[in-house]
Each structure stands twice: as structure tokens, then as C-alpha cells.
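Commentary on secondary and tertiary structure
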Amino acid sequence: TANASGTFSSANVRIKHASASFFSGSALRVLVCGGEVGGSATTSADIYAFGPSGAESVVATGAMTSARCQHGACWLPDNRIFVHGGLTVGSIAQNSAEIFNPATGTFTALMVPGSVPARIDHTQTVLPDGRVLIAGGQDGMGNALNAFTYDPRTDTWTDTGTSIDRVGHTATMLVNGICALIGGRTNTTIAMTALSSARAEHAASRLADGSVLVSGGFGSSNSTLATSEVFIPSKFTDPAIGFFTQTNPGAVANMDLLNSRARHTQTTSASGSAAVIGGVTGTTASNTVLDTIEVFQFQNS
């Protein structure tokens, strides 16, 4: 986030971290936790605060109970943050989990059954009933894992019995209550429908009409993509009813990104448009970090 002078600041320079927003009264805050600092997994966490005038504050908060990177974090309906998995010091995958409580600024370790596998590079999505769907990722040795749910109300973990063989994918809740897992690598599961272009480490967000904009990522040649597409979901309960379409194919610019990019973020604004921020351009082996922002202008037509 930028302060009044337009510069960016952080209590820690980190990569491979996780973040989730929460409320502090009526104000929105962002918890950024873990990741690599100086080449090693860290327990540190920061809270970012924004002001209406553009002022920014970054304050360190309590440390996590376990150092972790390539983990997941998501907001819970009771305004706490659920953190799970990732690599710890020594690049060892872990199944541990913890909860951040904004009211106290502290993390508390959860009891995780031994039946819950260690995993990294997964997605965590809050379902309509308050449970968290933990899907995809791998165990640090490249093995696909069954999806689990975690219920914070009862502190219980449940194996769905379904293996999700994806890494570098996205997970987006649709208006019909279905969670759409899109793209990623090592995909051998049955997909609801095919992307126009294979992609991983892309971004996805739900637009104002309930469709899902998918942008960028690394393609099958391991180069960043400038293409984007939209998934049009059904209002019914059958996940097979829906389709991907390129954004405005045949137009002068074909609605491509101005910069090919991957590992970026994408956030829907109050108007229903989507802001695409940062990321890298190039290949998986050699890339350049981007400081640009693009906006996909939503029109309900």
C-alpha cells in the first residue's frame, strides 16, 4: 500500500507469504504473515492499515507459533484468521495450523490430527456454511493430496475423500455456492470445463455479475501470459453447467493484459471492475518484477 508520498513500505521484505483481510471496528486491515525473509521461513507478521487520505501504517504484530512459507491464510466469519501448512525452517512441509486473533494480536496453535497431511501451495476458501475448504497443493515431495475441510466452530477436520491434483491454481466461490478450482500444474483431476489457455500461478476474482475473471499466469511453455478469460457460471447446482470465454475476442486489443504477468494479485472493486496488481513477467526461470497496475473495466453486458 502507498502512503501519502506515494512510496511503499513494509516492516519486513518477504516473499512466499500469505495474507488475509480482517476488520478492526469498521476499518479494514490486512494481516501479512510468514514467508521467506533472507532466504529462510519466518514467524514474523505485519498488519497493514489504510487511511481515507492515502496514509499508510505498517505495524509488526505477534509472531506465529511456527515459521512457515508457501502456506495459506484466510479470514473466518468470526473475524479471526486461519493459517495452515507451508514449509518450515529446513524446507520441511508441515500440517500445523494456527489462528490469529485481531483482538489480542496473537497467534494460537491448533491441534491438528495426524491424519491431516502436511501440504504447501494449496488454497483455503471459506464456504457458505463457515467451513474452510483446503484444496490442492502437495506434500513437499510432489504427491497430490485429498481435500480437507476445517470447521472453526467445532475445531474439526474432515477428509473429503477427493484428491485434488493441482498446484498454483486459484479457488473462487461462485454465486451458486460452488467453489471453482481453476488452472494450476499437474492437473489430472476432472475439471468442470476447460480453460481457453492452460495456466498456473494466475489470478482470479469474481466480478459484479457473478462471473470469474481469470488473468495471466504461466502458460504451458512456462512463459507469462497476457491473455485473460471469463468463466460464466450457472445459477443452478450442476458444476458442469458453465463455460470459459476469452474476454471480448476479436476486439482491437482482444482485451489482453498490457503486460504479460504471473504471480500477481487481482481484486474486485466496489464498481465490479477488477484491479490487476504487480507480479512478474518473463519465464519461470528468468523473470522481472512488475510495479504496474491494470484495471479490467466491468460492464454488465
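Reference entry: report on the structure contained in this document. Keep in mind it's a predicted model, so treat the numbers as computed, not measured. (Residues numbered from 1 in each chain as written. Predicted model: local features only at pLDDT ≥ 70, side-chain atom pairs only at ≥ 80, totals over all residues. Heavy atoms only, no water.)

So, about the sheet that holds strand S8 (residues 81-84). Within the open sheet, the four strands sit side by side as S7-S8-S11-S12. Their pairing is antiparallel. Edge positions in the sheet fall to strand S7 (72-75) and strand S12 (106-109), since each has one partner strand and no second. Sheet twist, expressed as the average angle between the axes of neighbouring strands with direction ignored, equals 25°. In the sheet, strand S11 (residues 97-101) pairs with S12 via four bridges, with the strands oriented antiparallel. When the sheet's bridge partners are listed, Phe-100 is paired in S12 with Phe-107. (Pairing = 2+ DSSP bridges. Helix = DSSP H or I, 4+ residues; strand = E, 2+ residues; numbered from the N terminus. Axes fitted to C-alpha atoms, helices over the stretch in contact; angles between N-to-C directions.)

Where S7 and S8 come together, four bridges link them in antiparallel fashion. Within S8, the residue paired with Gly-72 across the bridge is His-84. A loop of five residues connects S7 with S8, the two strands running antiparallel in sequence, and Asn-79 in this loop sits at a positive phi of about 75°.

What follows is about the side chain of Asp-151. Secondary-structure assignment places Asp-151 in strand S15 (residues 145-151). On the accessibility criterion, Asp-151 (12% relative accessible area) is buried. In this view, Asp-151 contacts Arg-131 and Thr-156; residues no more than four positions away in its chain are not counted. (Buried < 20%, exposed > 50% of the residue type's maximum accessible area, 1.4 Å probe, protein only. Contact = heavy atoms within 4.5 Å.)

Within the open sheet, the three strands sit side by side as S23-S24-S27. Their pairing is antiparallel. Edge positions in the sheet fall to strand S23 (265-268) and strand S27 (293-296), since each of these pairs with one other strand and no more. Neighbour-to-neighbour, the strand axes of this sheet turn through a mean angle of 20°, independent of strand direction. Relative to S27, strand S24 (residues 274-277) runs antiparallel, the two sharing four bridges. Paired with Ala-274 across the strands is Phe-296, a residue of S27.

Per the stated rule, a full pass over the model turns up five aromatic pairs. Each ring, one from Phe-82 and one from Tyr-150, has its centre 4.7 Å from the other, and the planes form 10°; the classification is stacked. One end of the pair, Phe-82, is in strand S8; the other, Tyr-150, is in strand S15, and 68 residues separate them in sequence. Residue classification places Phe-82 among the buried residues on the basis of a relative accessible area of 0%. (Phe/Tyr/Trp six-rings, centres within 6.5 Å; stacked < 30°, edge-to-face > 60°.)

To continue, consider the pattern of salt bridges. What the rule picks out here adds up to 10 salt bridges. Among the salt bridges present, the one from Arg-68 reaches Glu-98, with a minimum N-O distance of 2.7 Å. Residue Arg-68 is located in the loop between strand S6 (56-60) and S7, and its partner Glu-98 is located in strand S11; the two are separated by 30 residues in the primary sequence. When sorted by exposure, Arg-68 lands in the same class as Glu-98, which is buried. Overlapping salt bridges bring together Arg-185, Glu-201 and Arg-263 as one network. (Salt bridge = Lys/Arg side-chain N within 4 Å of Asp/Glu carboxyl O.)

So far we have only geometry, and geometry alone does not tell us how the molecule works.
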